[in-house]
Amino acid sequence: MEHPETSFLFDLDGTLVDSVYQHVLAWQEALEEEGIELSVWRIHRKIGMSGGLFTNMLLRETGREIDSDRIERLQQLHARAYKRLSAHIRPLPGARELLTYLTEAEIPWAIATSGRMETASTTLTILGVNFDQVPIVTRDQVKYAKPDPDLFLTAAERLGVAIETASVVGDSVWDMLAARRAKALGIGVLSGGYGEEELERAGAYRVYEDPADLLKHIDEVGGRR
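Residues numbered from 1 in each chain as written. Predicted model: local features only at pLDDT ≥ 70, side-chain atom pairs only at ≥ 80, totals over all residues. Heavy atoms only, no water.

On to the sheet that holds strand 2 (residues 109-112). In a beta sheet, neighbouring strands pair by backbone hydrogen bonds and run either parallel or antiparallel. One open sheet holds the six strands; their spatial order is 3-2-1-4-5-6, and the pairing between them is parallel. Single-partner strands in this sheet number two, and they are strand 3 (136-137) and strand 6 (204-208). By the bridge criterion, four bridges tie strand 1 (residues 7-10) to strand 4 (residues 166-170) in an arrangement that is parallel. Looking at the pairing, Ser7 lines up with Ala166 of strand 4. Those strands touched by helix 5 (residues 95-104) are strand 1 and strand 2, and its axis lies near 150 degrees from that of strand 1. (Pairing = 2+ DSSP bridges. Helix = DSSP H or I, 4+ residues; strand = E, 2+ residues; numbered from the N terminus. Contact = heavy atoms within 4.5 Å. Axes fitted to C-alpha atoms, helices over the stretch in contact; angles between N-to-C directions.)

This is the structure we're talking about:
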C-alpha cells in the first residue's frame, strides 16, 4: 500500500515570525489616520484573515461607510506603518530549526500567508527563506484569502502534494477554518495570541506553544525522517 506523503503548509505571521503585534499596531495607526478609533484587542482578534476582509469587518463594526478607496487607503497606510515597525520582528523560537529539519528530512513544506508580498517579503527575509526554493503563496496570488481555503490549496498544488495529506500550521482561528475548508489537517500554535480551546474549536487536532515545541513533537504529526 502506498504511504501518503507528509507535507506542511505554514502560515507566516504569529506562526513562524513574531510579528502579530506589529501588524496590530500598524492597523491601529492606519485606522487613526483615517479618523477611526478602535480598541487594540478588537484589531488583534481579526489578524490572520485577508486584509480586504479585515478592513471590511473593522469598518462595519465602527459603522463607517465602506468604499474601495478607503479600503485601499487603509491597506497602504498599514503597509507603510508595518514596514517601519518590522525592524523589531524576529523569528519565533525554533522556526528556523523546524524548517531546516523538514528540508533535511526531505519533507515538503510551503508558506501561505494572508499578507501581500509587499509586507511579507520583509519577514520572509528575516526568517531566511530561500525565495527560489520554497513555494510562497501570498494574498496577491489568490482570489480569496483566509478563512477561504485558496491560499492552502494553491500551496499544496505548487508542492505537488494532495491537500488531504497536508498539515496546515497556523496561529489563528482563521488558519484552522481555512484548513478545514481545504480538507487539510490543522495544527495550531499559541504564538499568535489565540488560546488552545479556540484553536481546537476551529479545527486544530494538535496545538503546540510555538515552532520549537512543534519540532520537539514532530513525530506526533507525521514528521518522522
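After that view of the structure, there is still more to cover.
Among the secondary structure elements, Thr138 is positioned in the loop between strand 3 and helix 7 (150-159). According to the relative accessible area criterion, Thr138 is buried, its value standing at 0%. Separated by 2.8 Å, the side chains of Thr138 and Asp140 make a polar contact. For Thr138, the residues in contact, after removing those within four places along its chain, are Thr113, Gly115, Arg116, Met117, Ala120 and Leu151. (Buried < 20%, exposed > 50% of the residue type's maximum accessible area, 1.4 Å probe, protein only. Polar contact = N/O pair within 3.5 Å; in protein donor to acceptor, adjacent residues only side chain to side chain.)

Attention now moves to the pairing of strand 1. Of the two faces of strand 1, both are covered, the one formed by Ser7 and Leu9 as well as the one formed by Phe8 and Phe10. Relative to strand 2, strand 1 runs parallel, the two being bridged by three bridges. Paired with Phe8 across the bridge in strand 2 is Trp109.

Turning to unusual backbone geometry, a few remarks are in order. Glycine aside, negative phi is the norm for most residues, and most peptide bonds take the trans geometry. Cis geometry marks the peptide bond from Lys146 to Pro147, where omega comes out at 15 degrees. For Pro147, the position within the fold is in the loop between strand 3 and helix 7. The residue Glu106 is not glycine, and still its phi comes out positive at about 60 degrees. Here Glu106 shows up in the loop between helix 5 and strand 2. On the basis of relative accessibility, which here comes to 70%, the residue Glu106 falls in the exposed class.

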